[in-house]
Amino acid sequence: MPIAKIKKKTGIPNVDSSLRVSSGTRRFGTVFVVSAPSGCGKTTLCKRLLKNMPGLCRSVSFTTRAPRRGERNGIDYHFVSTKEFKTLIKKGKFIEHARVFGNFYGTPSGPIKKTLKNNKDILLSIDVKGAMQIKKLLGPRSVFIFISPPSLSALNKRLMKRQADSKGEINKRLEIAKEEFSYLHKYDYAIVNRELKDALSQLGAVLIAERLKIRNVGVRHQE
Ligand code: 5GP
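Since we're looking at a predicted model, the values are computed, not measured.

A. View of the sheet that holds strand β8 (residues 121-125). Strand order in the open sheet formed by five strands is β3-β8-β2-β9-β10, and the pairing between neighbours is parallel. Both outer strands of the open sheet, β3 (56-58) and β10 (189-192), are each paired with one neighbouring strand and no more. Averaged over neighbouring strand pairs, the angle between their axes works out to 25° when direction is ignored. Here strand β2 (residues 31-35) pairs with strand β9 (residues 142-148) via five bridges, running parallel. By the bridge assignment for β9, valine 31 is matched with serine 142.

Next comes the structure, spelled out in structure tokens:
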């Protein structure tokens, strides 16, 4: 296929018919979206991934929920009132937003636009409803990873061990987890978090594989 045609088809300006990838190739940034039922270890996994993976930054969401002990405003979340959150929606500041466990959460669009413009990757740790909004908006610029527990009974045990919620609250979270599982087929990857170490290396492998995809790499022609 002639190069011009490839360019037209992919919409990517720096793809060449040569299969040799030269040094100094240009990558296209990706939005990595990670979702998981509550209690699957998603927060720990994402924190470790961000520490180990160069060139990956994190999106800081806005939320109306109260900060938990040790959480810092502007670092873990931007903590705002419901009134402030609604004003931000009206101003079109969110790329997606959703109500989760009775609180509002939203991903600011500014950092995503800036990251993609700079051909960097960004990690979003958000719920399934928000993830579907991103999928609709960003299509191939986004990759979806679902972290799941080994089983629902394992999740139940983890939630009980955490001692953060009442029995009623745990049952509610398990019900919501079942609903979240129904979105699994809309994700690109599923990682079962049995052992944190294994799940982390699988998550890293997904990122590396995605970064190496031809569509994300500007392949430079070499004679
Ligand atoms: P938590 O309050 O426990 O930190 O988060 C509760 C849920 O809200 C988690 O599933 C988390 O991934 C999700 N969440 C956090 N930030 C956002 C966001 O910006 N948008 C959406 N849709 N969900 C979010």
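Past the structure itself, the notes keep going.
B. Focus on the site of the ligand. Residues in close proximity to the ligand total 15 residues, the closest being Lys42, Ser61, Arg65, Tyr77 and Tyr105. Measuring from a nitrogen atom of the ligand, one finds a side-chain N or O atom of glutamate 96 at 2.7 Å. Contacts to the ligand include glycine 106, whose backbone N or O atom sits 3.3 Å from an oxygen atom. Here the ligand, which alone exposes 510 Å², has 89% of that area covered by the protein.

C. Region of the structure containing the packing of helix α2 (residues 42-52) against helix α8 (residues 196-212). Packing of α2 against α8 leaves a shortest axis separation of 10 Å and a crossing angle of 55°. In this view, α2 runs oblique relative to α8, as classed from their interaxial angle. Crossing handedness for the pair α2 and α8: right-handed. The residues of α8 that touch α2, namely those facing Thr44, Leu45, Arg48, Leu49 and Asn52, are Leu196, Ala199, Leu200, Leu203, Gly204 and Leu207. Within the contact of α2 with α8, the residues separate by chemical class into seven nonpolar, three polar and one charged.

D. Seen up close, α8. For α8, spanning 17 residues, the distance from its first C-alpha to its last is 24 Å, which sits close to the expected 24 Å at 1.5 Å a residue. Among the residues of α8, Ala199, Leu200, Leu203, Gly204, Val206, Leu207, Glu210 and Arg211 are the ones counted as buried. One side of α8 carries all its buried residues, which in axial view fall inside an arc of 150°. Exposed residues on α8 whose side chains face more than 90 degrees from its buried face are Lys197 and Leu212.

E. Spotlight on the packing of aromatic side chains. For the structure shown, the criterion picks out eight aromatic pairs. On the basis of an interplanar angle of 55° and a centroid distance of 5.8 Å, the ring pair of tyrosine 77 and tyrosine 105 is categorised as tilted. Of this pair, tyrosine 77 sits in the loop between β4 (62-63) and β5 (78-79) while tyrosine 105 is found in strand β7 (residues 103-108), placing the two residues 28 residues apart along the sequence. When sorted by exposure, tyrosine 77 lands in the same class as tyrosine 105, which is buried. Through a chain of ring-to-ring contacts, the aromatic side chains of Phe62, Phe85, Phe94 and Phe104 assemble into a single cluster. Above the plane of the ring of phenylalanine 144 lies lysine 135, whose end atom (NZ or CZ) is 5.7 Å from the centre. The ring of phenylalanine 101 carries the charged tip of arginine 173 above its face, separated from the ring centre by 4.4 Å.

F. Just the pattern of salt bridges, in detail. Summed over the entire model, instances satisfying the criterion amount to ten salt bridges. For arginine 65, the salt bridge identified is with glutamate 71, shortest N-O distance 2.8 Å. The closest approach of N and O atoms between aspartate 198 and lysine 197, which form a salt bridge, is 3.6 Å. Note on lysine 197: relative accessible area 67%, which makes it exposed.

G. Region of interest: the sheet that holds β5. Overall, mixed pairing links the four strands, which are arranged β5-β4-β7-β6 in an open sheet. Here the strands that pair on one side only, and so sit at the sheet edges, are β5 and β6 (94-100). With two bridges joining them, β4 and β7 adopt antiparallel strand pairing. Opposite threonine 63, over in β7, you have tyrosine 105 as the bridge partner.

H. Region of the structure containing unusual backbone geometry. Its identity is not glycine, yet phenylalanine 101 carries a phi of approximately 50°, on the positive side. The exposure class assigned to phenylalanine 101 is partly exposed, which follows from its relative accessible area of 34%. Although it is not a glycine, asparagine 119 sits at a positive phi angle of roughly 55°. Tracing the backbone through its elements, the reader meets asparagine 119 in the loop between α4 (109-117) and β8.

Parameters and conventions
- Each chain has its residues counted from 1, running along the sequence as written.
- Given that the model is predicted, a residue must reach a pLDDT of at least 70 before its local features are reported, and side-chain atom pairs must reach 80 or more before they are shown or counted; all residues, however, enter totals for whole chains, interfaces and linings.
- The side-chain quantities take in all heavy atoms of the structure and omit both hydrogens and water.
- When DSSP finds at least two bridges between two strands, those strands are taken to pair.
- Secondary structure elements are taken from DSSP: a helix is a run of H or I of four residues or more, a strand is a run of E of two residues or more, and numbering for both begins at the N terminus.
- The angle between two axes is taken between their N-to-C directions and runs from 0 to 180 degrees, where each axis is a line fitted to C-alpha atoms and a helix contributes only its stretch in contact.
- Any residue with a heavy atom positioned within 4 Å of a molecule or strand is treated as near that molecule or strand.
- We call two N or O atoms a polar contact when they sit within 3.5 Å, provided that within protein one can donate a hydrogen and the other can accept it, with sequence-adjacent residues counted only if both atoms are side-chain atoms.
- All accessible-area figures derive from a Shrake-Rupley calculation using a 1.4 Å probe, and residue coverage is judged against the displayed protein chains alone.
- An angle below 35 degrees is treated as roughly parallel, one above 145 as roughly antiparallel, one from 65 to 115 as roughly perpendicular, and anything else as oblique.
- For any helix crossing, the convention is left-handed if the near helix is rotated counterclockwise from the far helix by under a right angle, and right-handed if that rotation is clockwise.
- Contact between two residues is taken to exist if any of their heavy atoms lie within 4.5 Å; hydrogens are not considered.
- Note on residue categories: nonpolar means Ala, Val, Leu, Ile, Met, Phe, Trp, Tyr, Cys or Pro, charged means Asp, Glu, Lys or Arg, and polar means any other residue, Gly included.
- Helix span, as expected, comes to 1.5 Å for every residue beyond the first.
- Residue burial is assigned from relative accessible area. The probe radius is 1.4 Å, only protein chains are included, and a residue is buried under 20% of its type maximum, exposed over 50%, and partly exposed in between.
- Note that the arc is defined by the directions from the helix axis to the C-beta atoms.
- Any Phe, Tyr or Trp ring, taking Trp's six-membered ring, that has another such ring centre within 6.5 Å forms a pair; planes under 30 degrees apart are called stacked, those over 60 apart edge-to-face, and the others tilted.
- Criterion for a charge above a ring: Arg CZ or Lys NZ at most 6 Å from the ring centre, at most 35 degrees from the ring normal.
- For this document, the term salt bridge refers to a Lys or Arg side-chain nitrogen within 4 Å of an Asp or Glu carboxyl oxygen.

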